[in-house]
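Residue strings, one per chain:
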Amino acid sequence: MSNTFCNSFLQDSPVSLDSLQFQDISHTAVSSGSKEQTHTFTDFPVSAAHEEEEDKADLLKSDKPKASSFWTFEYYQAFFDVDTRDVVERILGSMVPNPRSNYLISKIRPNPDLYGPFWVCSTLVFTTAIAGNLANYIQSRGEDYHWHYDFHKVTFAATAIFSYWWVVATVLWGLLRWRGSLAGFTYMEVICVYGYSLAIYVPISMLWVIQFTWLQWTLVIIGMVLSGGVLLLTFWPAVKEDNIKVAYSAMLLIFLMHGLLAVGFKAGADTSVNLYSVFLQCRSSGEPHTTPHENLTTATTIHPSIHAITKTIIHTTMRAVTGTHT
Amino acid sequence: MMDLPLEGDITVPGAPPESEDQLSTLDEPIRETVMRDLRAVGRKFFHVLYPKQSRTLLRDWDLWGPLVLCVFLGMMLQGSETKPGSNDGGPQFAQVFVIYWVGAAIVTLNIKLLGGSISFFQSICVLGYCVLPLILALIVCRVILVADTQTTFLFIIRCIAVLAGFGWAIFASTAFLTESQPERRKALALYPIVFFYFVISWLIISSTH
């Protein structure tokens, strides 16, 4: 586009055609009145092109590749522009809260990526499913165990984890934008931080196979504290200038959602064990088991409907929280 | 003017008579057409079993092999709905199908987004063909499961077979897929491949009927 402007200037200026030949013009030489030697944008009237140049400079500073359209492949390629070392650093940084340096500013900027969050979430989905399967197997060893593969659990876990990642991060970003946060966290950066914050649950979910309740709860609490701490430390600068009540409630919201996810994992892992143990009891006794959780009998005779699973999750959570065992 | 009916071959006398046959494969016997494709598929299977860096697997991609492997995998892993709701089975055929193809597509997208220079279908072709060692492990597992009593020893044998298939599949696919990545990103491209084959291995090891 700059060429057409230059050309139009060249046509308008009353200079001979000789000036159109290639000349050895140094960059510092600016003769007055000869507009064809000026190749900077400062001679142009302030127009849309000028605005766009400013925008482009701003975008380059924040390294957002809006130059490619949303529908091209290159737009998304920019979000995968990381090396192995970067990804490893980001994962480790999300597990260890460091009050001295802000996780987002030091590690994620200027290059938020989608590789890490996506694969961390996918890994988490499958490790929870596999850990649930393994827990079943260990719990029912010695009996005539037919290892079953509960695909519903995998899809449920996948939906829960991916929606936690996107929905909560979007809500938080919307909240920051609405309150006019001065920290200037972009959408992609918030998404990136939230994705990496789930990384600590991967080893925790693998350790859940060990069937000691106290160990499982300790692991859940450790995970909540560590990655919740990283999240809180990261987003505190964005809300601290705001009204103190809003700031604290935002922090509380972040921590609560993170905690809910952890408890949800526990309940999910318990659900499969619980369902299967009741199923085994029913099979051995040969009749519907009239336990206090009477609605669970429906879950064992028909394939686990969402209704039954939700009821079981609620009951299991309550049971786990109150510490009673059947 | 009388119209003279024209007859005869438009061949240059002295030219080799087979030249016309080579241009059109329409006249060849069906067996030869089928055998050509089968030979191509078989050649690729051979390359998977003895992975050497070879351009033919990449250049002439085809999806016949992956389709056959996927259908076989789905049929073998399919759970039987003897007792409805007992969950006493494996994944449905459609679930295996979706995991296989969507998984391969996602891994391929990942490789391309990281800057790999391989084309989409070439990558799916390689990923699909390299499931072959896992299929062999599945056959071994099935043979072992025929025995009446399942001891821990047999379970360990099954684990070893699936692990061997898993390692072989990864070795074969990385021989083709990761050399297009720069060195500092090789692990990033490798991890989803490992994950994909791990999920399939898990499906195989957890099917016990």
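Treat the numbers as computed from the prediction; the structure is a model and nothing was measured.

### Details of the overall build of chain B
Right, so step 1: Regarding its fold elements, chain B presents 9 helices and 0 strands.
Right, so step 2: In sequence order, chain B lays out its α and β elements as α-α-α-α-α-α-α-α-α.
Right, so step 3: Here chain B holds 209 residues, and 44% of them are scored as buried.
Right, so step 4: The contacts of chain B with a sequence gap of at least 6 include a subset with a gap of at least 24, amounting to 72%.
Right, so step 5: As displayed, chain B offers around 11800 Å² of accessible surface, 68% of which is attributable to carbon and sulfur atoms.

### Structural notes on the overall build of chain A
Right, so step 1: A tally of regular secondary structure across chain A gives 13 helices and 0 strands.
Right, so step 2: Ordering the α and β elements of chain A from the N terminus gives α-α-α-α-α-α-α-α-α-α-α-α-α.
Right, so step 3: Looking at chain A residue by residue over its 326 residues, the buried ones come to 39%.
Right, so step 4: Counted over contacts in chain A with a minimum sequence separation of 6, partners at least 24 positions apart contribute 72%.
Right, so step 5: Approximately 18400 Å² of chain A is accessible, and the part contributed by carbon and sulfur atoms is 65%.

### Re the UniProt feature "transmembrane region" (unreviewed entry) in chain B
Residues and elements named next belong to chain B.
Right, so step 1: The positions that UniProt labels "transmembrane region" (unreviewed entry) are, in the present scheme, residues 61–80, 92–114, 126–147, 153–176 and 188–205.
Right, so step 2: Helix makes up 91% of residues 92–114 and strand makes up 0%, while its end C-alpha atoms are separated by 33 Å.
Right, so step 3: Secondary structure content for residues 188–205 is 100% helix and 0% strand, while the C-alpha to C-alpha distance between its ends is 26 Å.

### Section: the nonpolar core
Right, so step 1: By size, the foremost hydrophobic cluster in this structure holds 103 residues, and its most contacted members are Y194, L198, Y201 and F235 of chain A together with L73 and Y197 of chain B.
Right, so step 2: The leading source of residues in this core is helix 9 (residues 186–205) of chain B, at 12 residues.
Right, so step 3: The contact partners of Y197 of chain B, leaving out residues within four places of it in the chain, are V126, L127, C130, V131, L134, F166, A169, I170 and S173 of chain B.

### Side note on the environment of L182 of chain A
All names here are of chain A.
Right, so step 1: Along the polypeptide, L182 turns up in the loop between helix 7 (151–178) and helix 8 (187–197).
Right, so step 2: Given a relative accessible area of 69%, L182 falls into the exposed group.
Right, so step 3: Distance in space between the C-alpha atoms of L182 and S122 is 33 Å, their sequence separation being 60 residues.

### Focus: the environment of G103 of chain B
Residues and elements named next belong to chain B.
Right, so step 1: Relative to the elements of secondary structure, G103 occurs in helix 5 (residues 93–113).
Right, so step 2: Take G103: its relative accessible area is 15%, and that puts it in the buried class.
Right, so step 3: Residues G103 and F196, spaced 93 residues apart in sequence, show a C-alpha to C-alpha distance of 6.5 Å.

### A word on the confidence of the model for chain A
All names here are of chain A.
Right, so step 1: Residues at a pLDDT of 70 or more form 59% of chain A, whose mean pLDDT is 71.
Right, so step 2: Segment residues 61–65: pLDDT under 50, and 6 contacts once partners within four positions in sequence are set aside and those in other chains are kept.
Right, so step 3: Within the model, the stretch residues 286–306 combines pLDDT values under 50 with 26 contacts to residues more than four positions away or in other chains.

### Brief notes about the pattern of salt bridges
Right, so step 1: Counted by the stated rule, this structure contains 6 salt bridges over all chains.
Right, so step 2: Between R90 of chain A and D113 of chain A there is a salt bridge, and its shortest N-O distance comes to 2.6 Å. A residue pair is termed long-range when its members are at least 10 positions apart, and R90 of chain A in helix 4 (residues 84–95) and D113 of chain A in the loop between helix 5 (103–108) and helix 6 (115–139) qualify at 23 residues.
Right, so step 3: The exposure class assigned to R90 of chain A is buried, which follows from its relative accessible area of 4%.
Right, so step 4: Via salt bridges that share partners, D81 and D83 of chain A together with R184 and R185 of chain B belong to a single interconnected network.

### Some details on the packing of helix 2 (residues 30–49) of chain B against helix 7 (residues 132–145) of chain B
Residues and elements named next belong to chain B.
Right, so step 1: Contact geometry of helix 2 with helix 7 gives a least axis separation of 9 Å together with a crossing angle of 85°. Considering their axes alone, helix 2 and helix 7 lie roughly perpendicular with respect to each other. Only L132, P133 and L136 of helix 7 make contact with helix 2, whose side of the interface consists of F45, V48 and L49.
Right, so step 2: For the contact of helix 2 with helix 7, the class distribution of residues is 6 nonpolar, no polar and no charged.

### Things to note about a nonpolar patch on the surface
Right, so step 1: Taken together, the side chains of F73 of chain A together with W61, L109, F120 and F121 of chain B make up a nonpolar region of the molecular surface, amounting to roughly 420 Å² of accessible area.
Right, so step 2: You can see F120 of chain B is positioned in helix 6 (residues 120–129).
Right, so step 3: You can call F120 of chain B partly exposed: its relative accessible area is 30%.

### Some points on the side chain of S201 of chain B
Right, so step 1: Along the chain, S201 of chain B falls in helix 9.
Right, so step 2: Setting aside residues no more than four positions away along its own chain, S201 of chain B makes contact with L134, V162 and F166 of chain B.

### Overview of the packing of aromatic side chains
Right, so step 1: The tally for this structure, following the rule as stated, stands at 24 aromatic pairs over all chains.
Right, so step 2: Among the aromatic residues, those joined into a ring-pair cluster are F118, W119, F126, F162, W165, W166, W173 and Y187 of chain A together with Y191 and F195 of chain B.
Right, so step 3: Sitting over the face of the ring of W178 of chain A, R179 of chain A holds its NZ or CZ atom 5.4 Å from the ring centroid.

### Observations regarding helix 6 of chain A
Right, so step 1: Taking 1.5 Å per residue as the helical rise, helix 6 of chain A with its 25 residues ought to reach 36 Å, and the 36 Å between its terminal C-alpha atoms agrees with that figure.
Right, so step 2: The element helix 6 of chain A is largely enclosed, with a buried count of 19 among its 25 residues.

### A word on the UniProt feature "transmembrane region" (unreviewed entry) in chain A
Right, so step 1: The UniProt record marks residues 114–134, 154–175, 187–208, 214–239 and 246–265 of chain A with the feature "transmembrane region" (unreviewed entry), using the residue numbering of this structure.
Right, so step 2: Annotated as residues 246–265 of chain A, this span is 100% helix and 0% strand, and its ends, taken at the C-alpha atoms, are 29 Å apart.

### Looking at the side chain of T128 of chain A
Residues and elements named next belong to chain A.
Right, so step 1: With respect to the element layout, T128 can be found in helix 6.
Right, so step 2: What makes T128 buried here is its relative accessible area of 13%.
Right, so step 3: T128 has contacts with K153, A157, S205 and F265, leaving out every residue within four places of it along the chain.

What counts, and at which threshold
- Residues numbered from 1 in each chain as written.
- Chains lettered and ligands numbered in written order.
- Predicted model: local features only at pLDDT ≥ 70, side-chain atom pairs only at ≥ 80, totals over all residues.
- Heavy atoms only, no water.
- Helix = DSSP H or I, 4+ residues; strand = E, 2+ residues; numbered from the N terminus.
- Buried < 20%, exposed > 50% of the residue type's maximum accessible area, 1.4 Å probe, protein only.
- Contact = heavy atoms within 4.5 Å.
- Areas by Shrake-Rupley, 256 points an atom, 1.4 Å probe, with all protein chains shown as cover.
- UniProt positions renumbered as here; feature names shortened; annotations may be inferred.
- Core = buried A, V, L, I, M, F, W, Y, C linked by side-chain atoms within 4.5 Å.
- pLDDT = per-residue confidence, 0-100.
- Salt bridge = Lys/Arg side-chain N within 4 Å of Asp/Glu carboxyl O.
- Axes fitted to C-alpha atoms, helices over the stretch in contact; angles between N-to-C directions.
- Parallel < 35°, antiparallel > 145°, perpendicular 65-115°, else oblique.
- Nonpolar A, V, L, I, M, F, W, Y, C, P; charged D, E, K, R; others polar.
- Patch = residues over 30% accessible without salt bridge, like charges linked within 9 Å, V, L, I, M, F, W, Y side chains within 5 Å.
- Phe/Tyr/Trp six-rings, centres within 6.5 Å; stacked < 30°, edge-to-face > 60°.
- Lys NZ or Arg CZ within 6 Å of the ring centre and 35° of its normal.
- Expected span 1.5 Å × (residues − 1).

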